[in-house]
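# Commentary on secondary and tertiary structure
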Amino acid sequence: MLNFTVYVTKALGGLLVCILFSAGVHSSPSSKQDALPAPHFSLPAIANTEGAISLDAFKGSVTYVDFWASWCGPCRLSLPALDAIYRDLAPKGLKVMAISVDVVEEDAWDFLARYPVTYPIAIDTEGSVPKAYAVNGMPSGYLIDREGRVRAVHVGFKRGDEDALRAEILQLLEE
Amino acid sequence: MHCALKFCSYWRSKRLEAFRFVVLCAVMGVAGCSGLEPVAAWERGYLAEEGMQWQSSAREAKFEGHVYTSKEASSGGNGAAGGGCGCN
Amino acid sequence: MAVIERGVKNAHSASTIKQSPLVRTLGAAVAALPAYQNTYADAPPEFTEVGLRYSHYSEDSLSEDKFIAGARGRYDIDVTQLWIEAPIGSNWSIAVDVQNDSMSGASPWFVGTQVDGQPGVIMSGASIYDNRVEVGATTRYFWADGNAGFNVTHSKEDDYEALAMAFDVAWNSADNARTWSASASTSNDRVEPVNGNIPVFIDQEDIDTASVYFGVSQILSSTAIVRIGLGYTFSEGYLSDPYKLFDARPDEHSRTALSGGYRKFFPEAQGALQIDYRYYSDDWGTDSHTAEVAWHQSFDRFALTPYLRYYSQREADFFSVIADLEQDFYADDFRLSSYGAITVGLRSTVQIGDWQMEGQLERYESDNDWGLYDGEAAPALVNFWRATIGISWRFD
């Protein structure tokens, strides 16, 4: 039985080594040629602004569109992290808008009460906008350049991801 | 490898005939699952509900497993066997 | 100008923080591993959690008509579980679990015949007292499509020591609708029975166990998930019960378990139906069916989950109510007899800010008549009730 234990230890050690070399989910800004235009939308605002929020209003600015939900665990980290970036870089021209995909608006309100942010928030209970953006995981963030093209997509969120995002935004702000 | 040989001979034993059939059906059922309608990432809110988790809490599951393994003849169905105890 | 819609009041509390929506590891797959089962495969827990649970388990005394000699009071166990689970960096988490079991009570020593011809139990004498301490640690690594964990657990009590290691891994399919999981574990145990009020006939013996599990869970719709799993366990060593007078079991034991589960959420009711099933079979002749049904009902700030469990097992080949010493292997342990058992319970959880409290109460009763299989009724079948309270705190 001791031999089996040794065997198992070696096997899993090897497996762990393999796992450690697996890649993450980052994407550096894609070049202008490959980038696709960001789909247009107009959604009702639920926080930090009035009326409707539409992508057209931000044409000419670097924009970050973030899809989140009250039920998304990592969003408890990503919303405050994004807010920190927004407060730093909004004076430099960054625009941020976040779209909640909650089917019940009250859930989004309750989440924002616990994790308040300062950027405009809209809600899409129907799911048509995330569909247009081919959202593949939650949260999903789309970095859009001044010409309205999607240059980077961030799926999921772990502590430290905000650093890469900040670098990408600074790069686009200089274009 | 001794363990693997034991499993093979046990698996092939007559007593597991019905059991093997059920497992085969189950595996085929899982493989055939690709025909399901996909659920988009933004539509998974309900799946995140507390009641939709496989276990209510990891510690409760561990505790229950411990109680039932020491008071009944069955064990497992929960994955790895933890350390034993002199439970009587 | 768009009109802002006001949604229907959602009974589900906002401060009940929901976990990541993507179905990850098969929860049950790693249930036996101390902690660390996250329901999201691609990111460590967002916050650090510390928690404490206390449970009291109390068996009914043996009834008069089944009792011959010894102490009638059976086991009372107090279990305290303490844990901390924390993210480390952006890809790792660590969890440490400490559990203390404080046991006292008498247990069946052997089964004999009463003056009226009925079988009766001779119990161990005065109450035994024992304390078990278990410490386990798990490190877990997360990547985009899955996670893997390694656990080491050590437990020690007066007459028993065990060291177990387990490795588990879970990974998602490309569309994140299917999660595969696998685990392997070993345990090296040593029993050194204490010469208390029961004579024992061994000094020190070892038991080695290895176990593997493989399973998959699938999202069926936006409100339903299903899982299936297969586990195999092999033990060898001294597998008899040293505290039973007539107990001689084989020195090898092969066990297989096929399990499945289903969860369905009903948005209008704000409730989830939970169904779990396990079929077990081993090479000692025991088969069993376990079925559990629960309903998780969410309210504004808390949740209630009533549940029901049915269990039925077939007696082991070498079991008999009164041990048959003519055979190579024999046992009169009620745990190897045919019987059915029912558990009825209620679990409640309350979430207040970063704190969560839990409470649970259940009653377990077993009876030879409730089983699906034939077999003689062991007189020492046990009934118990169990209560648990717990509190946990999540913070940055």
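Residues numbered from 1 in each chain as written. Chains lettered and ligands numbered in written order. Predicted model: local features only at pLDDT ≥ 70, side-chain atom pairs only at ≥ 80, totals over all residues.

### Comments concerning the overall build of chain A
Test applied: Numbered from the N terminus, helices here are DSSP runs of H or I no shorter than four residues, and strands are runs of E no shorter than two. Note on burial: count the other C-beta atoms lying within 10 Å of the residue's C-beta; 20 or more is buried, 12 or fewer is exposed, in between is partly exposed, and C-beta positions come from the backbone. With C-beta atoms placed from the backbone, a contact is any residue pair whose C-beta atoms sit within 7 Å.
Within chain A, the secondary structure is distributed over 5 helices and 8 strands. In sequence order, the secondary structure elements of chain A are arranged as α-β-β-β-β-α-β-α-β-α-β-β-α. Going through the 175 residues of chain A one by one, you find that 42% of them count as buried. Within chain A, contacts between residues at least 6 apart in sequence are counted, and of these 71% link residues at least 24 apart.

### Observations regarding the overall build of chain B
Each helix and strand counted, chain B has 3 helices and 0 strands in total. Starting at the N terminus and ending at the C terminus, chain B contains elements arranged as α-α-α. By the burial criterion, 53% of the 88 residues in chain B qualify as buried.

### Overview of the confidence of the model for chain B
All names here are of chain B. Basically, it comes down to this: Per-residue confidence from the predictor is reported as pLDDT, which spans 0 to 100.
Overall, the prediction assigns chain B a mean pLDDT of 78, with 62% of residues at 70 or greater. When mean pLDDT is taken per element in chain B, helix α3 (residues 58–71) scores highest with 93 and helix α2 (residues 17–31) scores lowest with 67. As a predicted assembly, this complex carries a pTM of 0.85 together with an ipTM value of 0.86.

### Side note on the environment of Arg-114 of chain A
In this fold, Arg-114 of chain A is placed in helix α3 (residues 105–114). In sequence terms Arg-114 of chain A and Pro-44 of chain A are 70 residues apart; their C-alpha atoms lie 21 Å from each other.

### Description of helix α5 (residues 161–173) of chain A
Count 3.6 residues to each turn of an α-helix, and residues three or four apart come out pointing the same way. All names here are of chain A. Stated precisely, the cut-off is as follows: What a helix is expected to span follows from its residue count: subtract one and scale by 1.5 Å. The directions from the helix axis to the C-beta atoms are what the arc is built from.
An ideal rise of 1.5 Å per residue puts 18 Å on 13 residues; α5 measures up with 19 Å between its terminal C-alpha atoms. Every buried residue belonging to α5 is among Asp-161, Leu-165, Glu-168, Ile-169 and Leu-172, and all of these are buried. One side of α5 holds all its buried residues, which, seen down the axis, span an arc of 100°. In this structure, α5 carries Asp-163 and Ala-167 as exposed residues pointing more than 90 degrees from its buried face. Where the residues of α5 are buried, they touch β4 (63–68), α2 (75–89), β7 (140–144) and β8 (149–155).

### Re the nonpolar core
Stated precisely, the cut-off is as follows: Note on definitions: a nonpolar core is a set of buried residues drawn from Ala, Val, Leu, Ile, Met, Phe, Trp, Tyr and Cys, linked by C-beta atoms within 7 Å.
Counting 57 residues, the largest nonpolar core has Ala-69, Val-96, Met-97, Ile-99 and Ala-122 of chain A as the members making the most contacts within it. In this structure, Ala-73 of chain B together with Trp-109, Leu-336 and Ala-380 of chain C belong to the second largest nonpolar core, which totals 36 residues.

### Describing the sheet that holds strand β1 (residues 36–37) of chain A
All names here are of chain A. Using the following cut-off: Strand pairing is assigned whenever DSSP detects at least two bridges linking the two strands. All axes are obtained by fitting lines to C-alpha atoms, using only the stretch in contact for helices, and the reported angles, taken between N-to-C directions, cover 0 to 180 degrees.
Pairing is mixed across the open sheet formed by 8 strands, whose spatial order is β1-β8-β7-β4-β5-β6-β2-β3. The open sheet has two edge strands, β1 and β3 (52–54), and neither has a second partner. Pairing analysis gives 2 bridges linking β1 to β8, with the strands arranged antiparallel. Residue pairing across strands places Pro-37 opposite Arg-149, the latter belonging to β8. Packing against the sheet, α2 makes contact with β4 and β5 (95–100), and its axis sits at approximately 160° to β4. Across the sheet, α5 lies against β4, β7 and β8, angled at about 175° from β8, the strand it touches most.

### Focus: the environment of Ala-331 of chain C
All names here are of chain C. Here Ala-331 lies in strand β18 (residues 330–331). Residue classification places Ala-331 among the buried positions, given that 24 C-beta atoms sit within 10 Å. Sequence separation between Ala-331 and Val-111 is 220 residues; the distance between their C-alpha atoms is 9.7 Å. For Ala-331, the contacting residues outside a window of four places in its chain are Asp-247, Arg-249, Ala-316, Phe-318, Phe-319, Ala-323 and Leu-336.

### Observations regarding the confidence of the model for chain A
Do not read the fine detail of predicted coordinates wherever pLDDT is low. Overall, the predicted model of chain A reaches an average pLDDT of 86, with 83% of residues at or above 70. Here residues 18–26 of chain A is a poorly scored stretch, pLDDT under 50, and it has 9 contacts once near neighbours within four places are set aside; other chains count.

### Focus on unusual backbone geometry
Residues and elements named next belong to chain A. The omega torsion across Met-138 and Pro-139 is -5°, close enough to zero to call that bond cis. Note that Pro-139 resides in the loop between α4 (128–132) and β7. Not every positive phi belongs to a glycine, and Asn-48 is a case in point at roughly 65°. Within the fold, Asn-48 resides in the loop between β2 (42–47) and β3.

### Considerations on the pairing of strand β14 (residues 252–266) of chain C
Residue and element names in this part refer to chain C. Of the pairings in the sheet, the one linking strand β12 (residues 224–237) to β14 comprises 13 bridges and is antiparallel in character. Within β14, the residue paired with Tyr-232 across the bridge is Thr-256. Pairing between β14 and strand β15 (residues 271–282): 12 bridges, direction antiparallel. The residue of β15 that forms the bridge with Thr-256 is Ser-281. Counted between consecutive antiparallel strands, the loop separating β14 from β15 contains 4 residues, among which Gln-270 sits at a positive phi close to 55°.

### Thoughts on the sheet that holds strand β6 (residues 119–123) of chain C
Residues and elements named next belong to chain C. Ordered in space as β2-β6-β5, the 3 strands form an open sheet in which the pairing is mixed. Across the chains shown, the open sheet's two edge strands, defined by having one partner strand only, are β2 (67–69) and β5 (108–113). For this sheet the average axis-to-axis angle between neighbouring strands, irrespective of direction, equals 40°. By the bridge criterion, 2 bridges tie β2 to β6 in an arrangement that is parallel. Along β6, the bridge assignment pairs Ala-69 with Ile-122.

### Let's talk about the packing of α2 of chain A against α5 of chain A
Residues and elements named next belong to chain A. Threshold: Roughly parallel means an angle under 35 degrees; roughly antiparallel means over 145; roughly perpendicular covers 65 to 115; every other angle is labelled oblique. Two helices that cross are described as forming a left-handed crossing if the nearer one is turned anticlockwise from the farther one by less than a right angle, and a right-handed crossing if clockwise.
In contact at an axis separation of 10 Å, α2 and α5 are set at 30° when each is read in the N-to-C sense. Overall, the two elements α2 and α5 adopt an arrangement that is roughly parallel. Classified by chirality, the crossing of α5 by α2 is right-handed. Judged by residue contacts, Ala-81, Ile-85 and Leu-89 of α2 engage Glu-162, Leu-165, Arg-166 and Ile-169 from α5.

### Considering α3 of chain B
Over its 14 residues, α3 of chain B extends 20 Å from the first C-alpha to the last, a length consistent with the 20 Å expected when each residue adds 1.5 Å. Here α3 of chain B lies mainly inside the structure; 12 of its 14 residues are buried. Every buried residue belonging to α3 of chain B is among Ala-58, Arg-59, Ala-61, Lys-62, Phe-63, Glu-64, Gly-65, His-66, Val-67, Tyr-68, Thr-69 and Lys-71 of chain B, and all of these are buried. Each element contacted by the buried residues of α3 of chain B is listed here: β1 (48–59) and β3 (76–88) of chain C.

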